[in-house]
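Analysis of the macromolecular model
Listed below are the residues making up each chain.
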Amino acid sequence: MSSALTDLFPHPIVQAPMAGGVSVPQLAAAVSEAGGLGFLAAGYKTADGMYQEIKQLRGLTGRPFGVNLFMPQPEHADPAAVTVYANQLAGEAAWYETELGDPDSGRDDGYDAKLAVLLDNPVAVVSFHFGVPSQDVLDSLRRAGTLTLVTATTAEEALAVQRAGAAAVIVQGIEAGGHQGTHRDNPETDGTGVGLLSLVAQVRETVQIPIVAAGGIMRGSQIAAVLAAGANAAQLGTAFLATPESGANAVHKQALTNPLFVRTELTRAFSGRPARGLANRFMREHGPYAPAAYPEIHHLTSPLRKAAAKAGDAQGMALWAGQGHRMARDLPAGQLVEILNAEIAAAKTALSATDEIPEEGAAR
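Quick look at the structure, then. If you're wondering where the values come from, they're calculated on a predicted model, not measured in any experiment.

1. Things to note about helix α1 (residues 25-33)
Along α1, 7 of the 9 residues are buried, which leaves the element largely enclosed by surrounding structure. One or two residues past the end of α1 sits Gly35, with phi positive at roughly 105°.

Below, the structure written as structure tokens:
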């Protein structure tokens, strides 16, 4: 198995690309400088906005980093269902004194333009969410010197990633915060995802390419566990969301450990695609009625989410978080990487010590 990916960063720690202004250059730089792999999230940005962040990040670190792209989405949403949901949200718009967004604001997230920038100005790693790029795209990035990663939520999706020619697969368990990176959005499979440890083991027996494990990981001992299960590195999002370098709204950061938010749920309420976040009023009131319509619902609710954030109202925000959110630590990102790496070493030492204890009755 190629070590080209893990050779880029000394510690098996990848900072997840969290879209919406969380994964800013300062965060990615701090992680990369500490020996992990920092990531920028190009989702919901323009191609030029992505380019400017890459330039800024290069001014902060000479270490390798990655950029994440969202795959263009097929047109499958029912316009009538989107209209019905918009009518349901009229009260929210009135409450926050804003207008609903235009659901037809675009489906491809500037994909081609962003690819062009990344081919002209190559970065070390590019990852993809919501589907598998064409072999031509992956080959072009490889020729540019870029390693490619693609998210998968099942062993079958991981096999599709390998067949397409990606350098590695990001295996995302059901515990993960934010959007599930399923290749097809099928409402019939909502909530049926597999836990990370089981999924890593399944994928390890299915593909030969390196695995980056993602989903609910908050401690170095959990990283050691996924490495033992067959992963080559771990990707953490919620763990870095609480750091001072993170661009997350202060209300979002505080909510991670606020006793008011006792659990996370998968919901379509904010974007029309399953995503895990802290259960709040908006999710409870609108989640059961949100249609499978991404990115239409994302565009529709965007002004509501921004207005709620401006008002400091956590009950109207998309508080993306993984199942381990209560374990978040308010530490500088670089220090967090160092602590996680020490915890990995401690977990491995403890496991080795356990292995050396002779079984009862065995010869000493």
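Moving on from the coordinates now.
2. Overview of the packing of helix α3 (residues 79-88) against helix α13 (residues 296-310)
Closest axis-to-axis distance for the α3/α13 pair is 11 Å, and the angle between their directions is 20°. With respect to α13, the element α3 is oriented roughly parallel. Of the two elements, α3 crosses α13, and the hand of that crossing is right-handed. On α13, the residues that touch Val82, Tyr85 and Ala86 of α3 are Glu296, Ile297 and Leu300.

3. Some points on the nonpolar core
With 102 residues, the main nonpolar core has Val67, Leu69, Phe128 and Phe240 as its most contacted residues. In this structure, Leu69 is in contact with Ala42, Met50, Tyr111, Lys114, Leu115, Leu118, Val126, Ser127, Phe128 and His129, ignoring residues within four places of it in sequence. Ranked by size, the runner-up nonpolar core spans 12 residues in total, among them Phe9, Val14, Ile170 and Val212.

4. Considering the environment of Ala158
Along the chain, the position of Ala158 falls in helix α7 (residues 155-164). Each C-alpha atom of the pair Ala158 and Ile209 lies 9.3 Å from the other, and the pair is 51 residues apart in sequence. Sequence-distant contacts of Ala158, defined by excluding residues within four places in its chain, comprise Ala152, Val169, Val203 and Val207.

5. Some details on the sheet that holds strand β2 (residues 38-41)
Pairing within the open sheet is parallel, and its 8 strands lie in the order β1-β9-β8-β6-β5-β4-β3-β2. Looking at which strands have only one partner, the edges of the open sheet turn out to be β1 (13-15) and β2. Neighbouring strand axes in the sheet, compared pairwise and without regard to direction, differ in orientation by 25° on average. The pairing of strand β6 (residues 168-172) with strand β8 (residues 211-214) spans 4 bridges and is parallel. Pairing of Val169 across the sheet is with Ile211, part of β8. In the packing of helix α2 (residues 47-60) onto the sheet, contacts are made with β2 and β3 (65-70), and the angle to β3 comes to roughly 170°. The strands touched by α7 within the sheet are β5 (147-152) and β6, with β5 carrying the most contacts at an inclination of about 160°.

Calculation notes
Residues numbered from 1 in each chain as written. Predicted model: local features only at pLDDT ≥ 70, side-chain atom pairs only at ≥ 80, totals over all residues. Heavy atoms only, no water. Buried < 20%, exposed > 50% of the residue type's maximum accessible area, 1.4 Å probe, protein only. Helix = DSSP H or I, 4+ residues; strand = E, 2+ residues; numbered from the N terminus. Axes fitted to C-alpha atoms, helices over the stretch in contact; angles between N-to-C directions. Parallel < 35°, antiparallel > 145°, perpendicular 65-115°, else oblique. Left-handed = near helix turned anticlockwise from the far one by under 90°. Contact = heavy atoms within 4.5 Å. Core = buried A, V, L, I, M, F, W, Y, C linked by side-chain atoms within 4.5 Å. Pairing = 2+ DSSP bridges.

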